[in-house]
Amino acid sequence: MALSQGTMTLPSPVGVCPDLRQETFELPAQAVSVAEARNRAFERLRQWGMSVDVCHTARLVVSELFTNAVLHTDSDRIGCLLYVADNQIRIEVRDQGSYASTPMLLFPGAEEERGRGLQLIETLTQAWGVESAGRGLGHIVWAVIRP
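Definitions and cut-offs
Residues numbered from 1 in each chain as written. Predicted model: local features only at pLDDT ≥ 70, side-chain atom pairs only at ≥ 80, totals over all residues. Heavy atoms only, no water. Helix = DSSP H or I, 4+ residues; strand = E, 2+ residues; numbered from the N terminus. Buried < 20%, exposed > 50% of the residue type's maximum accessible area, 1.4 Å probe, protein only. Contact = heavy atoms within 4.5 Å. Areas by Shrake-Rupley, 256 points an atom, 1.4 Å probe, with all protein chains shown as cover. Expected span 1.5 Å × (residues − 1). Polar contact = N/O pair within 3.5 Å; in protein donor to acceptor, adjacent residues only side chain to side chain. Core = buried A, V, L, I, M, F, W, Y, C linked by side-chain atoms within 4.5 Å. Axes fitted to C-alpha atoms, helices over the stretch in contact; angles between N-to-C directions. Parallel < 35°, antiparallel > 145°, perpendicular 65-115°, else oblique. Left-handed = near helix turned anticlockwise from the far one by under 90°.

(A) Structural view of the overall build of the protein chain. In terms of helices and strands, the protein chain carries 3 helices and 5 strands. Taken from N to C terminus, the helices and strands of the protein chain fall in the order β-α-α-β-β-α-β-β. Put simply, the protein chain has 147 residues, and 37% of those count as buried. In the protein chain, once contacts between residues fewer than 6 apart in sequence are set aside, the share between residues at least 24 apart is 58%. Carbon together with sulfur atoms contributes 52% to the accessible area of the protein chain, which is approximately 8,900 Å² in total.

Have a look at this one:
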């Protein structure tokens, strides 16, 4: 369809979402990297126009998932993927860990100091899960937030 001044509207390529925003980064598997990961996620989502409340939620989710990867895997580096499409934010944290167990929801006693991170993820997100990154390649823990 021709528009004024000789321009044309071209259809979007099949399978491409026009409002897709995506960022991937990788950091050393160290406690100091957790703050960098959560702040980077917050700032990127703000740049993409997400509300401050949604950005704070995403920051907390990234913080919990990244912390779990640092504490519970033998990874050298941890990757994080953020993307926004179809009115949802998907956060993925990928470790290199070579361990037999899969991250799972725990229910620690009131006196225990740890073990509530995935309960928080369960409360803050619409969905979350764990996928194998491949045999011996660790896990991808993901969560979805709907603004």
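(B) Representation of helix α2 (residues 52–72) within the structure. Between the first and last C-alpha of α2 there are 30 Å, a value that for 21 residues agrees with the 30 Å anticipated at 1.5 Å per step. The set of residues buried in α2 consists of Val 54, Cys 55, Ala 58, Val 61, Val 62, Ser 63, Leu 65, Phe 66, Ala 69 and Val 70.

(C) Up close: the side chain of Ser 75. Here Ser 75 is to be found in the loop between α2 and β2 (77–85). By relative accessible area, Ser 75 is classed as buried at 10%. Side chain to side chain, Ser 75 and Thr 73 meet in a polar contact 2.8 Å long. At 2.7 Å, the side chain of Ser 75 and the backbone nitrogen of Gln 96 are in polar contact. Those residues in contact with Ser 75 that lie beyond four places of it in its chain are Ala 29, Asp 95, Gln 96 and Gly 97.

(D) Region of interest: the nonpolar core. Of all hydrophobic cores here, the largest spans 32 residues; its most connected members are Leu 45, Leu 65, Phe 66, Ile 89 and Ile 91. Elements with a contribution of two residues or more to this core: β1 (21–28), α1 (31–47), α2, β2, β3 (88–94), α3 (117–124) and β5 (139–145). At 9 residues, the largest contribution of residues to this core is made by α2. Contact partners of Ile 89, with chain neighbours within four places excluded, come to Leu 45, Met 50, Val 54, Tyr 83, Val 84, Ala 143, Val 144, Ile 145 and Pro 147.

(E) Quick look at the packing of α1 against α2. Direction vectors running N to C along α1 and α2 enclose 155°, while the axes themselves pass 8 Å from each other. With respect to their mutual orientation, α1 and α2 come out roughly antiparallel. With respect to the hand of their crossing, α1 and α2 are arranged in right-handed fashion. In this structure, α1 contributes Ala 31, Ser 33, Val 34, Ala 37, Arg 38, Asn 39, Ala 41, Phe 42, Leu 45 and Arg 46 to the contact, and α2 contributes Val 52, Cys 55, His 56, Ala 58, Arg 59, Val 62, Ser 63, Phe 66, Thr 67 and Val 70.

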